[in-house]
Amino acid sequence: MYQMLIDGELVDGSASLDVVNPVTGQAFATCGRAEEDDLQRAVAAARNAFPGWAALSWTERAVYLNALADGIEERGEEIAQLLTDEQGKPLGQARFEVGASVAAFRYFSAQEMLPRVVVDEPTSRVIEHYRPIGVVAAITPWNFPLILLSVKLAAALATGNTVVAKPAPTTPLSSLLVGEVAAAILPAGVLNVIVDANDLGGLLSAHPDVAKVTFTGSTATGKKVMQSAASSLKRLTLELGGNDAAILLDDVDVDEVAPQIFNAATFNAGQVCMAAKRIYAPRAKYDALCDALANLANSAVVGDGHDPATAIGPIQNQMQFDKVMDLIEDSRRIGTIVAGGRRLNRPGFFIAPTVVRDLPDDARLVQEEQFGPVIPVLAYDDIEEVLERANDSEFGLAGTVWGKDVDRAVEVAMRIRTGTVWVNKHLDLRFDVAFGGVKQSGIGREQGDDGLREFVETHVVSIAKA
Ligand code: ADP
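Note on numbering: residues in each chain are counted from 1, in written sequence order. With pLDDT at 70 or above as the cut-off, local features in this predicted model cover only qualifying residues; side-chain atom pairs require 80 or more to be listed or tallied, and sums for whole chains, interfaces and linings still use all residues. Excluding hydrogens and water, the side-chain values take into account all heavy atoms of the structure.

1. Points about the overall build of the chain
So, step 1. Strands here mean DSSP runs of E at least two residues long; helices mean DSSP runs of H or I at least four residues long; both are numbered from the N terminus. The helix and strand tally for the chain stands at 15 helices and 20 strands.
So, step 2. Expected size for 466 residues packed as a compact globule is a radius of gyration near 23 Å; at 23 Å, the chain falls within 12% of this value.
So, step 3. The C-alpha extent of the chain, read off along each of the three principal axes, is 70 × 60 × 40 Å.
So, step 4. Residue exposure (1.4 Å probe, protein chains only): buried if accessible area is under 20% of the type maximum, exposed if over 50%, otherwise partly exposed. For the chain, the residues scored as buried account for 58% of the 466 residues in total.
So, step 5. Contacts between residues were defined by any pair of non-hydrogen atoms, one from each residue, lying within 4.5 Å. Here the analysis covers contacts within the chain between residues at least 6 apart in sequence; of these, 72% occur between residues at least 24 apart. With the radius of gyration taken over C-alpha atoms, the globule rule is written as 2.2 Å times the number of residues to the power 0.38.

Laid out in structure tokens, this is it:
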């Protein structure tokens with residue numbers, strides 16, 4: 001039985017939760033689960049721990065964060081195996097996620113926001129101090145349970161906040177192991193990790209003693225979080241859905257970019273907020289790209305993440321599996337499926353990588369976030385037109401532009417209205433670069449200087465000089 005961390009103690013909680021392995025569709029582990037009183041204890045513990053933690057210097061907190069990094073690294077293989085069990089991703093990618101999480105704690109441990117003298121005049125001196133906010137609720141989804149949690153924790157703790165973390169109920173175990181590691185390192189209450197049955201997120205994000213919510217998840221749930229947070233005017237960081245366009249320019253070599261586009265669309269079985277979700281090819285290269293992507297889809301090894309040959313694992317949970325299958329059925333009626341288009345003939349939540357062409361722009365697969373290995377490929381005739389279509393979305397998370405003439409590709413990138421655009425690459429995320437969405441893809445940024453600022457309040461001390 002995996003346990004939660006509340007007020008420095010590993011506890012079973014008032015209830016329990018079975019966790020399903022998406023490869024089999026069967027429960028394989030059980031963990032403790034919180035009811036409302038457990039949540040209240042976790043928030044109270046974080047509140048009590050806040051003054052002491054906030055009073056430490058950045059260097060003192062860095063010692064704890066580095067110890068956490070070491071602790072996670074020591075149990076890295078165990079955590080990676082469990083991440084593959086609960087999430088479904090190939091083990092190599094789970095190991096990479098563990099490594100990135102360790103790196104996140106190390107990176108944020110080295111940050112420091114020193115007070116800044118902003119005015120120094122004969123009669124006045126004004127200093128900005130950067131203060132932690134208080135209790136932070138960190139609510140995370142099931143696609144990258146570990147790295148998304150780690151980036152939030154590392155930044156929140158480094159800046160002097162205390163945390164109540166709540167992973168998604170279908171992938172709680174890797175987060176609980178982080179809690180286990182933290183139990184032996186952090187002062188009681190500084191980090192609490194609780195599990196729910198998708199029933200406590202609202203209570204946590206409305207709790208009067210929670211000062212900030214940092215949330216990664218769907219746009220629909222993000223709106224609910226924003227609503228709950230309004231009750232006490234909480235600070236909010238929302239990293240939500242995307243419907244990222246990949247635009248191929250007319251000078252691309254299709255055979256060269258097709259594997260990169262395929263990976264951008266199907267990495268983590270397409271369950272990535274900034275996956276390539278709509279592919280736009282110039283009409284002259286449309287057939288060639290569709291064929292190349294179909295070949296890649298047909299030859300991709302889909303299977304159990306523990307099998308070293310596997311490139312693409314299952315969809316993480318039944319609900320998402322049903323949603324992706326529904327989008328495939330909708331696309332079958334109005335477009336042409338040139339690869340995949342079916343579930344695999346085995347237990348678990350496996351979907352054959354799917355390529356769909358000839359869809360109208362108003363198809364659900366083009367308009368909605370599919371969050372699965374299903375790639376709509378669309379043709380365009382000129383740049384103005386494709387930019388208009390790419391930008392005609394309520395989402396604005398990221399996107400990619402692919403072209404041999406880099407200057408021209410950058411010009412196109414500059415006109416895409418999203419938080420990030422990658423040129424001739426994808427998924428290059430760094431702790432020192434801000435990431436986040438415009439429009440309904442989110443509010444605020446994670447990582448980079450902007451990301452750190454989201455966890456502090458500016459406290460101005462303005463002094464009259466004699
Ligand atoms: P998805 O739609 O991708 O399955 P969600 O965005 O619903 O994921 O979930 C992301 C996280 O938000 C999960 O930890 C989930 O339990 C949590 N959550 C769900 N409903 C709420 C809510 N009303 N308020 C806050 N968090 C919620």
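Having seen it, we continue.
2. Notes on the domain arrangement of the chain
So, step 1. Structurally, the chain comprises domain 1 (4-240 + 437-464) and domain 2 (244-423).
So, step 2. By convention here, the domain bounds are inherited from an automatic or database domain assignment. Put simply, the middle of domain 1 and the middle of domain 2, counted by C-alpha atoms, are 31 Å apart.
So, step 3. Taken together, the contacts link 29 residues of domain 1 with 31 residues of domain 2.
So, step 4. Using a 1.4 Å probe, buried area is obtained as the accessible area two parts lose upon being combined, added over both of them. Summing both partners gives a buried area of about 2,400 Å² for domain 1 against domain 2, and 55% of it is carried by carbon and sulfur.
So, step 5. When the buried area of domain 1 at its contact with domain 2 is split by residue, Val-23, Trp-142 and Lys-439 rank highest and sum to 25% of it.
So, step 6. One speaks of a salt bridge when a side-chain nitrogen belonging to Lys or Arg is within 4 Å of a carboxyl oxygen belonging to Asp or Glu. Inspection of the domain 1/domain 2 interface yields zero salt bridges.
So, step 7. Contacts described as polar in this section are N or O atom pairs within 3.5 Å, which, within protein, must combine one atom able to donate a hydrogen with one able to accept it, while residues neighboring in sequence count only if both atoms come from side chains. Joining domain 1 to domain 2, the criterion identifies 14 residue pairs in polar contact (both at pLDDT 80 or more).
So, step 8. It is helix H3 (residues 76-87) that contributes the most residues to the side of domain 1 that touches domain 2, five residues altogether.
So, step 9. Within the side of domain 1 that touches domain 2, the residues separate by chemical class into nine nonpolar, 14 polar and six charged. Side-chain classes follow a simple rule in which Ala, Val, Leu, Ile, Met, Phe, Trp, Tyr, Cys and Pro form the nonpolar group, Asp, Glu, Lys and Arg form the charged group, and the remainder, Gly included, forms the polar group.

3. Considerations on helix H4 (residues 91-109)
So, step 1. To estimate the expected span of a helix, subtract one from its residue number and multiply by 1.5 Å. Here H4 is 19 residues long and its end C-alpha atoms lie 27 Å apart, about the 27 Å a rise of 1.5 Å per residue gives.
So, step 2. Against the buried residues of H4 lie helix H2 (58-74), H3, helix H5 (145-158) and helix H15 (448-453).

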